[in-house]
Amino acid sequence: MVPLAQRISQPSKLVVLALLLAVCLLGALPAYWSGHWPWQDAAQAAQLAKLRELSSKGLAVPGWQTLNLQQAEISGQKGWAVQALSASGSASASSPATLALDGPKAGQTATLLLLPQRSADKKPQVEWLNIDGNQRWTADQLSHRSLGTLALQARFFRGWTPQGTNAVLQWYTWPGGGDAQPSAWFFADLRARLSGHRQPWVAVCIVVPTDSLGLGDIETAWPEVARLGEAVQQILARQYFASAVH
């Protein structure tokens, strides 16, 4: 009698493997879309709780003074921290060397908006559309920029209304990286899940008023905006994501 193993043809083996894969995927997809996985433990809950503190505490940014901090709802999305900043002219002498960047000009103002992930099933989606619609500005001169040597790509553009013009920088940040595209977080989170982890995230938007009223190039504002963006990214990475990097 021919052994059973020899009677199973190679195509049959492939069919069996395909069926097993399909069963695994069907079992995993509901958990993926719901955001509930067996390895979501107390450590993840603690991480999200810490991130949610950003909504009420904001960030202490070297070289910048916080004039006002509010929790806000933007286009129906709750949990935003809206932080009005004014440059003091130089970074704090006690700041870490990694934040010892060229200081901002004294008197320069900026608004920092932060939206931390609030629950395990919350994914980055339409945060930029919400902000753009809320501000009712015309967006142009759009480009994607790297912030120094940091592993992220941010969205940089001019946002203007009849009342004024702003240089705007936006990105999602997570442990070990960041990008303006929600899809980039999706794949980073998928890779993390394969290792039994998650990628918590924070949406970051920096708005810096410029001198030009709906006209002119915002490239002159880029060095200042980039310095502030680098400082914010480094603070988030060190204070909120350092323990989550795997």
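Residues numbered from 1 in each chain as written. Predicted model: local features only at pLDDT ≥ 70, side-chain atom pairs only at ≥ 80, totals over all residues. Heavy atoms only, no water.

Novice: Even after reading the chapter, I still don't get the overall build of the chain, so can you show me in this structure?
Specialist: When you go through the chain residue by residue, the secondary structure sums to seven helices and eight strands. When contacts within the chain are restricted to residue pairs at least 6 apart in sequence, long-range pairs at least 24 apart make up 70% of them. Of the roughly 12800 Å² of accessible surface on the chain, 59% is carried by carbon and sulfur atoms. (Helix = DSSP H or I, 4+ residues; strand = E, 2+ residues; numbered from the N terminus. Contact = heavy atoms within 4.5 Å. Areas by Shrake-Rupley, 256 points an atom, 1.4 Å probe, with all protein chains shown as cover.)

Novice: How should the environment of Trp-174 be read in this particular structure?
Specialist: The residue Trp-174 is located in strand 6 (residues 164-174) in this model. Look at Trp-174 and you get buried, because its relative accessible area is 7%. Along the chain, Trp-174 and Tyr-240 lie 66 residues apart, while their C-alpha atoms are 9.3 Å from each other. Those residues in contact with Trp-174, other than ones at most four positions away along the chain, are Asp-179, Ala-184, Trp-185, Ala-188, Gln-199, Pro-200, Trp-201 and Phe-241. (Buried < 20%, exposed > 50% of the residue type's maximum accessible area, 1.4 Å probe, protein only.)

Novice: How do you make sense of the pattern of salt bridges when you look at a structure like this?
Specialist: Oppositely charged side chains can form a pair if their charged atoms are brought close together. Within the structure shown, the criterion is met by seven salt bridges. In this structure, a network of salt bridges that share partners links the residues Asp-189, Arg-193 and Arg-198. (Salt bridge = Lys/Arg side-chain N within 4 Å of Asp/Glu carboxyl O.)

Novice: How should I be thinking about unusual backbone geometry in this particular structure?
Specialist: The backbone phi angle of Arg-136 is positive, close to 55°, even though this residue is not glycine. Of note, Arg-136 is situated in the loop between helix 5 (127-135) and strand 4 (138-146). For Gln-141, which is not glycine, the phi dihedral falls at a positive 55°. On the secondary structure map, Gln-141 appears in strand 4. A relative accessible area of 33% means that Gln-141 is categorised as partly exposed.

Novice: Sorry if this is basic, but what is going on with the packing of aromatic side chains here?
Specialist: Geometrically, a pair of aromatic rings is defined through the distance of the ring centres and the angle of the planes. With the rule as written, the count across this model stands at five aromatic pairs. Taking NZ or CZ as reference, Lys-50 lies 5.6 Å from the ring centre of Tyr-240, over its face. If you follow Arg-145 out to its NZ or CZ, it ends over the ring of Trp-222, 4.8 Å from the centre. (Phe/Tyr/Trp six-rings, centres within 6.5 Å; stacked < 30°, edge-to-face > 60°. Lys NZ or Arg CZ within 6 Å of the ring centre and 35° of its normal.)

Novice: I would appreciate a short explanation of the confidence of the model for the chain in the present structure.
Specialist: When pLDDT drops low, the exact placement of atoms in the prediction is not to be read closely. The pLDDT averaged across the chain works out to 81; a share of 72% of its residues lies at or above 70. The spread of mean pLDDT over the elements of the chain runs between helix 1 (residues 4-7), the lowest at 41, and strand 3 (residues 109-116), the highest at 97. Segment residues 2-8 is flagged for pLDDT under 50; beyond a separation of four residues in sequence, or across chains, it makes two contacts in the model. pLDDT under 50 marks residues 91-101. Its contacts with residues more than four places away, or in other chains, come to 18 contacts. (pLDDT = per-residue confidence, 0-100.)

Novice: Would you explain the nonpolar core in this entry?
Specialist: Counting residues in hydrophobic clusters, the biggest one holds 36 residues, and the most contacted among them are Leu-59, Leu-169, Trp-171, Val-204, Ile-206 and Val-232. Of all the secondary-structure elements, those providing two or more residues to this core are helix 3 (42-52), strand 2 (77-87), strand 3, strand 5 (152-161), strand 6, strand 8 (202-209) and helix 7 (222-241). Examining the composition of this core, we find that ten residues originate from one element, helix 7, more than from any other. What Val-232 contacts, discounting residues up to four positions off in sequence, is Leu-59, Val-61, Leu-112, Trp-171, Val-204 and Ile-206. Counting residues in each nonpolar core, the second largest holds 18 residues, with Ile-74, Trp-137, Trp-174 and Ala-203 among its members. (Core = buried A, V, L, I, M, F, W, Y, C linked by side-chain atoms within 4.5 Å.)

Novice: Please clarify how the pairing of strand 4 should be interpreted in this entry.
Specialist: In summary, the side chains of a regular strand alternate between the two faces of the sheet. Where strand 4 and strand 5 come together, seven bridges link them in antiparallel fashion. Paired with Ala-139 across the two strands is Gly-159, which belongs to strand 5. In textbook terms, the turn of a hairpin is the stretch between consecutive antiparallel strands, and for strand 4 and strand 5 this stretch comprises five residues, one of which, Gly-148, has a positive phi near 60°. (Pairing = 2+ DSSP bridges.)

Novice: What should I look at first to understand helix 5 in this one?
Specialist: Counting along an α-helix, one turn takes 3.6 residues, and residues three or four places apart therefore face a common direction. Considered for burial, the residues of helix 5 that qualify are Glu-127, Trp-128, Asn-130, Ile-131 and Asp-132. Tucked inside the fold, the buried residues of helix 5 contact strand 1 (64-74), strand 2, strand 3, strand 5, strand 6 and strand 8. Backbone geometry just after helix 5 places Arg-136 at a positive phi near 55°.

Novice: What's the story with the pairing of strand 3 in this structure? I'm lost.
Specialist: Burial analysis of strand 3 places six of its eight residues in the buried class, which makes it a mostly covered element. One ladder, built from six bridges, connects strand 3 with strand 8; its direction is antiparallel. By the bridge assignment, Leu-115 is partnered in strand 8 with Ala-203.

Novice: I would appreciate a short explanation of the environment of His-144 in the present structure.
Specialist: By the secondary structure assignment, His-144 is in strand 4. Measuring from C-alpha to C-alpha, the distance between His-144 and Trp-171 comes to 9.8 Å, with 27 residues separating the pair along the chain. Polar contacts involving the side chain of His-144 include one to the side chain of Gln-181, which spans 3.3 Å. (Polar contact = N/O pair within 3.5 Å; in protein donor to acceptor, adjacent residues only side chain to side chain.)

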